[in-house]
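# Secondary and tertiary structure notes
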There are 2 protein chains.
Amino acid sequence: MSERPHSKTRSQELYEEARDLIPGGVSRNTVFHRPYPHYVKEASGCYVTDVEGVERIDFANNMASLIHGHAFSPIVEGVTDQINKGTAFTIATEAELAFARLLCDRAPRFEKIRFVNSGTEAVMAMIKACRAYTGRPKIAKAEGAYHGTYDFAEVSQKANPNNWGDINQPNSVPVAMGTPQNVLDDVVIFPYNDIERTLAILNQHADEIACVLIDPVPHRVGLVQGTNEFVEALYKWTRENGALLVFDEVVTFRVTYSGAQEKYNVKPDLTALGKIIGGGFPIGAFTGRSDVMNILDPGAKNWLFPHSGTFSANPVSMVAGRIAMEHYDREAIDQINALTQKANDQISEAIRIAGVPVSITGAGSMFRLHLRAEPPTSYREAYQTKEAASLITKMLDYLFYEEKLMMINTLACMFSTVMSQKEVDVLSHAMLNMFRQFKPEIEKIQQQQL
Amino acid sequence: MSERPHSKTRSQELYEEARDLIPGGVSRNTVFHRPYPHYVKEASGCYVTDVEGVERIDFANNMASLIHGHAFSPIVEGVTDQINKGTAFTIATEAELAFARLLCDRAPRFEKIRFVNSGTEAVMAMIKACRAYTGRPKIAKAEGAYHGTYDFAEVSQKANPNNWGDINQPNSVPVAMGTPQNVLDDVVIFPYNDIERTLAILNQHADEIACVLIDPVPHRVGLVQGTNEFVEALYKWTRENGALLVFDEVVTFRVTYSGAQEKYNVKPDLTALGKIIGGGFPIGAFTGRSDVMNILDPGAKNWLFPHSGTFSANPVSMVAGRIAMEHYDREAIDQINALTQKANDQISEAIRIAGVPVSITGAGSMFRLHLRAEPPTSYREAYQTKEAASLITKMLDYLFYEEKLMMINTLACMFSTVMSQKEVDVLSHAMLNMFRQFKPEIEKIQQQQL
């Protein structure tokens, strides 16, 4: 670390106080860092300055939620105007309508939409809608996939070799201790992209499954894309067995103009959105087939799912989100994806030059590095051993303290549209330095895996 | 209605478009209104202007979440400053720390706190914390009490005479159709303020209950305060049976400087917060005993509850909330509560003058009217028959269209600090007009209840 060892930094002082008031000192474990997290002073574009005055390039973008980086002028202007007119009302807003129209125009299967406050709320509401529509209790999800903190949705997200069980029948592993056994029993776990095993597992619960939930490029599974064959098999199975196929595109909507679902011939019945669609403000949404979404209509005969929320569709998130998405048009997406591909190429070159067993996975404007020569094809392959996780933390610290780069704690980068070739060069150069410095340790991890 | 019947209003036009894009035309059923909801143009202080240009006094305050009304200058200034520095980061913020300190200083039992994005998320996280801490699966909650949309928390919130069952053993009634039977089985329902029945019910599940969850002044139960005896009985029962007592103060924190819990000799182990603590921006929080909250600490040995969230503790909500609460000091609370009491007195006088069988319940800066001479003492007494609900809708429409007043759809008012005697006089005068106009219908409802 660059700081002087014998005097406390401002961040250190703040954190000591925070630990007395907040468990772990932070409300979000993604911000947790040993020996202490750094505190932000301000941020602009793709640069974040901490209270010590150190500026860093931000490849984390608040866990992939800031597609235009920080303090994007059009959003600042739009939100400033809105907050002077009020931020929350008990009557309807045009801001909600305008944003609903924009999003529903972007993907053919986004027929109707409802807004909530987070990805967690979006996935929860989507699952409740599936249960209400089908009258069935169970959901099926992929081992290792992250879908927010609703307890049903988070089952097996952190499964490890000690508890994940036989791959032919993965265990339902709780994230939070004390998760009711009843919850675990209502969640069916399958291995991502493994058609044969997944269908065999689903068939065991064919009459009870309300929905099959997947992220089309699940970050925690390895940031590997769902194959067309896998998605089509799930689609076919859900058609044949009276279930719904639903996508969590909270992270992946950035991949193309219509989300990652654009790449598949078949479309999900419902989709959960979040992250970038809020323009930096709290948001979630779920959208899809009209006949399913209509069970939320209090004026409809089959009103099966009463649903509300104090801050849902608040006009600040609606305005910020609409402006963010207006600026995230096809041209902007082509540009950011091309720049990210450039970064991929340069980092691949750095891997080659350094001669380290590292691989890259990803899609669109996001990628993740793995401490293995061949990219992982499953959660169990992508799973970080304690030693690998420890080395990754050291590598992230090296990038943060020495190279002044912020990345996501899986060694992932989420680009923003305000980045340019300049930042890509800094990134790939930093990566080369890192690969060289940690080469012996990376090779040791690789050997343990063989 | 005041609008001309043969030409469409702007709100009507917008709503027709919204119905094609959003189920029911709104993301929040609280905003749903027949034949159409009105759309806001702008709001300031306690006045809301719709797109037709009609100004109304706002006694709903976005479902009790705006304690200083709309576009409160200190909040607008603070948030404007923050959004120019960024709205969301993957590192820590002083804004979170400052707000955590303020809230923890307000109540003795707020030892540690974590922030989330909504009251729904706060109650969900609080329940998960209780399960993790106790290792038990079940929660107990009051029939009719609203605690957000987490399916466990919403059980029996809308129970009705056809499904609520024997008062000695109330049924677990789902809100959303398709709620898994497993969820219903893990929720124990008791009648609020009924010590004998409640303890008998709890005793049947003594070894399985993680927490007893109550709102100290539950709006949907009748906005009747929990008696000291009831709360003490629950406290004693939870001590004797290894369970936690947790309060949902999302609505009631406004009642005193430390929330409604200030009035009881015993304190809850954990408390969920939301609504007014966000200063008009999305927020939730849960707080309480250090030894319970510490299970959320990723650095602690007994890290039982991993927990994160992309937008949790975002600095905009933190800054807005801190400023809102700084201005909601003891003096402000005394003033708003006194003004609300004045409104209560004047409306009671209007009830007397009009000679209608109407009663008032409430606490602090909130009250609710009931179409019955004696205030209800339970959810089943407060329950609105179809006829009563229909009349209340007519009364609310009268207030909205003729008297230019916005209220909450249970005939409840939630005051803001920017109100004065002027608005109270308008309100009580409007109420007198309403009582006189609807007297025959109110009397008919009363007769049906006898």
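These numbers were taken from a predicted model, which means no experiment stands behind them.

### Some thoughts on the overall build of chain A
Looking only at helices and strands, chain A has 15 helices and 14 strands in total. Over its C-alpha atoms chain A spans a radius of gyration of 22 Å, differing by no more than 12% from the 22 Å that the globule rule assigns to 450 residues. With the C-alpha coordinates aligned to their principal axes, the bounding extent of chain A is approximately 70 × 55 × 45 Å. Looking at chain A as a whole, 66% of its 450 residues are labelled buried. Excluding contacts between residues fewer than 6 apart, the proportion of contacts in chain A whose partners are at least 24 apart in sequence is 69%. Working note: accessible area of chain A is about 15,000 Å², and carbon and sulfur atoms make up 47% of it. The positive charge centre, built from 44 side chains, and the negative charge centre, built from 53, are 1 Å apart in chain A.

### Brief notes about the relation of the copies chain A and chain B
Taken as rigid bodies, chain A and chain B are interconverted by a rotation of 180° and an axial shift of 0.0 Å, the fit giving an RMSD of 0.0 Å. When the rotation and shift are considered jointly, the pair of chain copies conforms to a two-fold rotation axis. Closest to the rotation axis within chain A is the C-alpha of Asn182(A), separated from it by 2.7 Å. An overlap of 100% is found between the interface residues of chain A and their copies at the interface of chain B, pointing to a shared contact surface.

### Overview of the interface of chain A and chain B
Between chain A and chain B, the contact holds 112 residues from the first and 112 residues from the second. Here chain A and chain B share an interface that buries about 9,600 Å² over both sides, 60% of which is from carbon and sulfur atoms. Where chain A packs against chain B, one counts 10 salt bridges. Across the pair Arg101(A) and Glu17(B) runs a salt bridge, and its minimum N-O distance is 2.4 Å. Joining chain A to chain B, the criterion identifies 65 residue pairs in polar contact (both at pLDDT 80 or more).

### Some points on the sheet that holds strand 13 (residues 405-406) of chain A
All names here are of chain A. One open sheet accounts for 4 strands, arranged 1-2-3-13; its pairing is mixed. With one partner strand each, in any of the chains shown, strand 1 (40-44) and strand 13 form the two edges of the open sheet. Bridge analysis of strand 1 against strand 2 (residues 47-50) gives 4 bridges, and the strand direction is antiparallel. Among the inter-strand pairings, Ser-44 is bridged to a residue of strand 2, identified as Tyr-47.

### Some points on the domain arrangement of chain A
Residues and elements named next belong to chain A. One can read the domain layout of chain A as domain 1 (38-67 + 330-449) and domain 2 (73-327). Here the C-alpha centre of domain 2 lies 27 Å away from the C-alpha centre of domain 1. Listed per partner, the contact involves 31 residues of domain 1 and 33 residues of domain 2. Viewed at the interface, domain 2 and domain 1 are joined by 1 salt bridge. Note that Arg-380 is salt-bridged to Glu-143, the shortest N-O span being 2.6 Å.

### Details of the nonpolar core
The biggest cluster of nonpolar side chains holds 173 residues, and the ones touching the most others in it are Met325(A), Phe415(A), Phe435(A), Met325(B), Phe415(B) and Phe435(B). Those residues in contact with Met325(B) that lie beyond four places of it in its chain are Ile67(B), Phe99(B), Leu102(B), Leu103(B), Arg106(B), Phe253(B), Ile276(B) and Ile277(B). Counting residues in each nonpolar core, the second largest holds 68 residues, with Ala153(A), Ala176(A), Met293(A) and Leu270(B) among its members.

### Details of the sheet that holds strand 11 (residues 359-363) of chain A
Residue and element names in this part refer to chain A. Strand order in the open sheet formed by 3 strands is 11-12-14, and the pairing between neighbours is antiparallel. Each having just a single partner strand, strand 11 and strand 14 (412-414) make up the two edges of the open sheet. Averaged over all pairs of adjacent strands, the angle between strand axes in this sheet comes to 15°, irrespective of strand direction. Inspection of the sheet shows strand 11 paired to strand 12 (residues 366-370) by 5 bridges, in the antiparallel sense. Each residue of the ladder has a partner; that of Ala-363, found in strand 12, is Met-366. Seen against the sheet, helix 12 (residues 330-354) touches strand 11 and strand 12 and runs at an angle of roughly 15° to strand 12.

### As for the packing of helix 12 (residues 330-354) of chain B against helix 15 (residues 421-449) of chain B
All names here are of chain B. Contact pair helix 12 / helix 15: the axes reach a minimum separation of 9 Å and the direction vectors enclose 25°. Taken together, the axes of helix 12 and helix 15 are roughly parallel relative to one another. In the packing of helix 12 onto helix 15, the handedness of the crossing is right-handed. Here Leu-339, Lys-342, Ala-343, Gln-346, Ile-347, Ala-350, Ile-351, Ile-353 and Ala-354 of helix 12 come into contact with helix 15, specifically with Gln-421, Val-424, Asp-425, Leu-427, Ser-428, Met-431, Leu-432, Phe-435, Arg-436 and Lys-439.

### Side note on the side chain of Lys112(B)
Within the element layout of this structure, Lys112(B) appears in strand 4 (residues 112-116). Discounting chain neighbours no more than four positions away, the residues touching Lys112(B) are Arg19(A), Asp20(A), Leu21(A), Ile22(A), Pro23(A), Cys104(B), Phe286(B), Thr287(B), Gly288(B), Ser290(B), Met293(B) and Asn294(B).

### Digging into the packing of aromatic side chains
Going through the model one piece at a time under the given rule, you end up with 28 aromatic pairs over all chains. With a centroid separation of 6.2 Å and an interplanar angle of 85°, the aromatic rings of Tyr150(A) and Tyr150(B) are classed as edge-to-face. Of the two residues, Tyr150(A) is situated in the loop between strand 5 (138-142) and helix 6 (151-154) and Tyr150(B) in the loop between strand 5 (138-142) and helix 6 (151-154); the pairing between them involves two chains. For Tyr150(B), a relative accessible area of 0% corresponds to the buried category. Put simply, the rings of Tyr150(A), Phe152(A), Tyr150(B) and Phe152(B) touch in pairs and so form one group of aromatic residues. Sitting over the ring of Phe400(B), Arg56(B) keeps its end group 3.6 Å from the ring centre. In this arrangement the basic side chain of Arg131(B) is found over the ring face of Phe152(B), its NZ or CZ atom lying 4.5 Å from the centre.

### So, the environment of Tyr235(B)
All names here are of chain B. Take Tyr-235: it is sitting in helix 9 (residues 228-240). For the pair Tyr-235 and Val-358, spaced 123 residues apart in the sequence, the C-alpha separation amounts to 34 Å. When residues no more than four places from it in sequence are discounted, the contact partners of Tyr-235 are Leu-245, Val-266 and Lys-267.

### Topic: the side chain of Glu121(A)
Checked against the element boundaries, Glu121(A) lands in helix 5 (residues 119-134). Here Glu121(A) is buried and forms no salt bridge, its nearest opposite-charge partner Arg28(B) lying at an N-O distance of 10 Å. Polar contacts involving the side chain of Glu121(A) include one to the side chain of Ser118(B), which spans 2.3 Å. If sequence neighbours within four positions are ignored, Glu121(A) has contacts with Val116(A), Ser312(A), Ser118(B), Thr120(B) and Glu121(B).

### Points about the pairing of strand 6 (residues 187-190) of chain B
Residue and element names in this part refer to chain B. Along strand 6, one buried face is formed by Val-187 and Ile-189 and the opposite face, lined by Val-188 and Phe-190, is buried too. The pairing of strand 5 with strand 6 spans 4 bridges and is classified as parallel. Residue pairing in the sheet places Ile-139 in a bridge with Val-187 of strand 6.

The rules behind each value
Residues numbered from 1 in each chain as written. Chains lettered and ligands numbered in written order. Predicted model: local features only at pLDDT ≥ 70, side-chain atom pairs only at ≥ 80, totals over all residues. Heavy atoms only, no water. Helix = DSSP H or I, 4+ residues; strand = E, 2+ residues; numbered from the N terminus. Rg over C-alpha atoms; globule rule 2.2 N^0.38 Å. Buried < 20%, exposed > 50% of the residue type's maximum accessible area, 1.4 Å probe, protein only. Contact = heavy atoms within 4.5 Å. Areas by Shrake-Rupley, 256 points an atom, 1.4 Å probe, with all protein chains shown as cover. Lys, Arg positive; Asp, Glu negative; His and termini not counted. Charge placed at Lys NZ, Arg CZ, Asp CG, Glu CD. Least-squares fit on C-alpha atoms with pLDDT ≥ 70 in both. Buried area = accessible area lost by both parts, 1.4 Å probe. Salt bridge = Lys/Arg side-chain N within 4 Å of Asp/Glu carboxyl O. Polar contact = N/O pair within 3.5 Å; in protein donor to acceptor, adjacent residues only side chain to side chain. Pairing = 2+ DSSP bridges. Domains from an automatic or database assignment. Core = buried A, V, L, I, M, F, W, Y, C linked by side-chain atoms within 4.5 Å. Axes fitted to C-alpha atoms, helices over the stretch in contact; angles between N-to-C directions. Parallel < 35°, antiparallel > 145°, perpendicular 65-115°, else oblique. Left-handed = near helix turned anticlockwise from the far one by under 90°. Phe/Tyr/Trp six-rings, centres within 6.5 Å; stacked < 30°, edge-to-face > 60°. Lys NZ or Arg CZ within 6 Å of the ring centre and 35° of its normal.

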